[in-house]
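# Topology and contacts: notes
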Amino acid sequence: IQYTRRCVSAYRRQQNYFLKKLAKLILRIHQSMNKLQQHKTARGAALITSLVLLTVLTLLSISVMSTSRLQMTMAGNAQVASNAFQLAESANDTFLARALDDKACINPQNQGACDIVNEQIVGMSGTRSTSNRFVERIDGCPGKGSSWDDSQAFHFVAESTGSTDGRGGTATHTQGWYYCFTN
């Protein structure tokens, strides 16, 4: 009986030992599965978070690119407008210099003698034109003192146009001017 008790007792100890081992193994498996499940959940959350951040960064970069493209276009248009204005100004200055050197330009019956017609300016990639129009003959010279009381003046209007090649920028400059002379 004692031997049987010992055997049963040893068997129970052995059985308890194996049950404890089995319980620990099941617990470890369960913990491992929980860890795997947590890793899977964490990996999914990281994936979703990274995709959201990537989408935000993509939208931000697209916005920056379109803004910079718009700014480049605006700067180019400002340059074209400035070139067209400078072409018109230079046409006006050139015409007035010619008119003061050549008396045929000042004759009201000879309008258009000194006009500049589509003169190509290579350095500014454009053309310039000027037309001069006689407006009136007046007594006295505008802006002069009493010593000019017996003077007369021809009033002209010079209209200058500058056009850039390629992008179609144009500018028009209109300037009135007087040629004063004494009788």
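Counting starts from 1 at the beginning of each chain's written sequence and moves along it residue by residue. Only residues with pLDDT of at least 70 get local features here, since the model is predicted, and only at 80 or more are side-chain atom pairs given and counted; chain-wide, interface and lining totals rely on the full set of residues. Think of the side-chain values as coming from all heavy atoms in the structure, minus any hydrogens and water.

## A word on the overall build of the protein
Keep this limit in mind: Numbered from the N terminus, helices here are DSSP runs of H or I no shorter than four residues, and strands are runs of E no shorter than two. Categorising residues by exposure relies on relative accessible area from a 1.4 Å probe, with only protein chains included: less than 20% of the type maximum marks a residue as buried, more than 50% marks it as exposed, and the intermediate range marks it as partly exposed. Should any heavy atoms of two residues lie within 4.5 Å, those residues are considered in contact. The Shrake-Rupley method, run with a 1.4 Å probe, gives the accessible areas here. Residue values count only the displayed protein chains as cover.
The number of helices and strands found in the protein is one helix and four strands. Seen in sequence order, the protein has helices and strands lined up from the N terminus as α-β-β-β-β. In the protein, which comprises 183 residues, the proportion classed as buried is 22%. In the protein, the proportion of contacts linking residues at least 24 apart, taken out of those at least 6 apart, comes to 54%. Accessible surface, the protein: about 13300 Å² in total, of which carbon and sulfur atoms supply 58%.

## Some thoughts on unusual backbone geometry
Although it is not a glycine, N118 adopts a positive phi angle of roughly 45°. Structurally, the position occupied by N118 is in strand β1 (residues 116–121). The class for N118 is exposed, based on a relative accessible area of 54%. Here the phi dihedral of S125 falls at roughly 50°; this positive angle occurs in a residue that is not glycine. Here S125 lies in the loop between β1 and β2 (126–139).

## Thoughts on the state of the cysteines
Heads up, the rule is: Pairs of cysteine sulfur atoms within 2.5 Å are what we label disulfides.
Applying the stated rule across the entire model yields one disulfide. Disulfide pairing is shown between C105 and C114; the S-S distance is 1.4 Å. An S-S torsion of about -70° defines the bridge between C105 and C114 as left-handed. Here C105 falls in the buried class, since its relative accessible area comes to 5%. By relative accessible area, which is 9% here, C114 ends up buried.

## Topic: the packing of aromatic side chains
Going by this rule: Geometry of aromatic contacts follows a simple scheme: Phe, Tyr and Trp rings, the Trp one being its six-membered ring, pair when their centres are within 6.5 Å, and the pair is stacked under 30 degrees between planes, edge-to-face over 60, tilted otherwise.
Summed over the entire model, instances satisfying the criterion amount to five aromatic pairs. Ring centres 6.2 Å apart and planes at 75° place the aromatic pair F95 and W177 in the edge-to-face group. Pair noted here: F95 is in helix α1 (residues 2–101) and W177 is in strand β4 (residues 170–182), with a separation of 82 residues, a long-range link. Neither residue differs from the other here; F95 and W177 are each classed as buried.

## Quick notes on the pairing of β1
Using the following cut-off: Only strands that DSSP links by at least two bridges are regarded as paired with each other.
Direction of pairing for β1 relative to β2: antiparallel, over a ladder of four bridges. Looking at β2, one finds that E119 is bridged to R128. The loop that links β1 with its antiparallel partner β2 comprises four residues; one of these, S125, has a positive phi angle of about 50°.

## Some remarks on the sheet that holds strand β3 (residues 151–164)
Here is the rule we go by: Geometry is summarised by axes, namely lines fitted to C-alpha atoms with helices restricted to the contacting stretch, and by angles between N-to-C directions that run from 0 to 180 degrees.
One open sheet holds the four strands; their spatial order is β1-β2-β3-β4, and the pairing between them is antiparallel. Looking at the sheet topology across the chains shown, the edges are occupied by β1 and β4. Each strand of the sheet is rotated relative to its neighbour by a mean of 25°, with strand direction disregarded.

## Focus: a nonpolar patch on the surface
As a reminder of what qualifies: Within this analysis, patches are made of residues with over 30% relative accessible area and no salt bridge. Like charges are joined at 9 Å or less; nonpolar side chains (Val, Leu, Ile, Met, Phe, Trp, Tyr) at 5 Å or less. Each reported salt bridge corresponds to a side-chain nitrogen of Lys or Arg within 4 Å of a carboxyl oxygen of Asp or Glu.
A surface patch of nonpolar side chains, amounting to about 490 Å² of accessible area, comprises L22, L25, I26, I29 and M33. One can find I29 in helix α1.

## Observations regarding the pattern of salt bridges
Pairing between side chains of opposite charge can happen when their charged atoms approach one another. Following the criterion strictly, the structure yields two salt bridges and no others. It is possible to trace a salt-bridge network through shared partners that takes in R98, E119 and R128.

## Here's the deal with the nonpolar core
So the rule is basically this: Working definition of a nonpolar core: buried Ala, Val, Leu, Ile, Met, Phe, Trp, Tyr and Cys residues. They are joined through side-chain atoms within 4.5 Å.
Counting residues in each nonpolar core, the largest one holds eleven residues, listed as F95, L96, A99, C105, I106, C114, I116, F154, F156, A158 and W177. Of all elements in the fold, only α1 and β3 reach the threshold of two or more residues within this core. Apart from the residues lying within four places of it in its own chain, the contact partners of A158 are N92, F95, T130, S131, N132, H173, T174, Q175 and W177.

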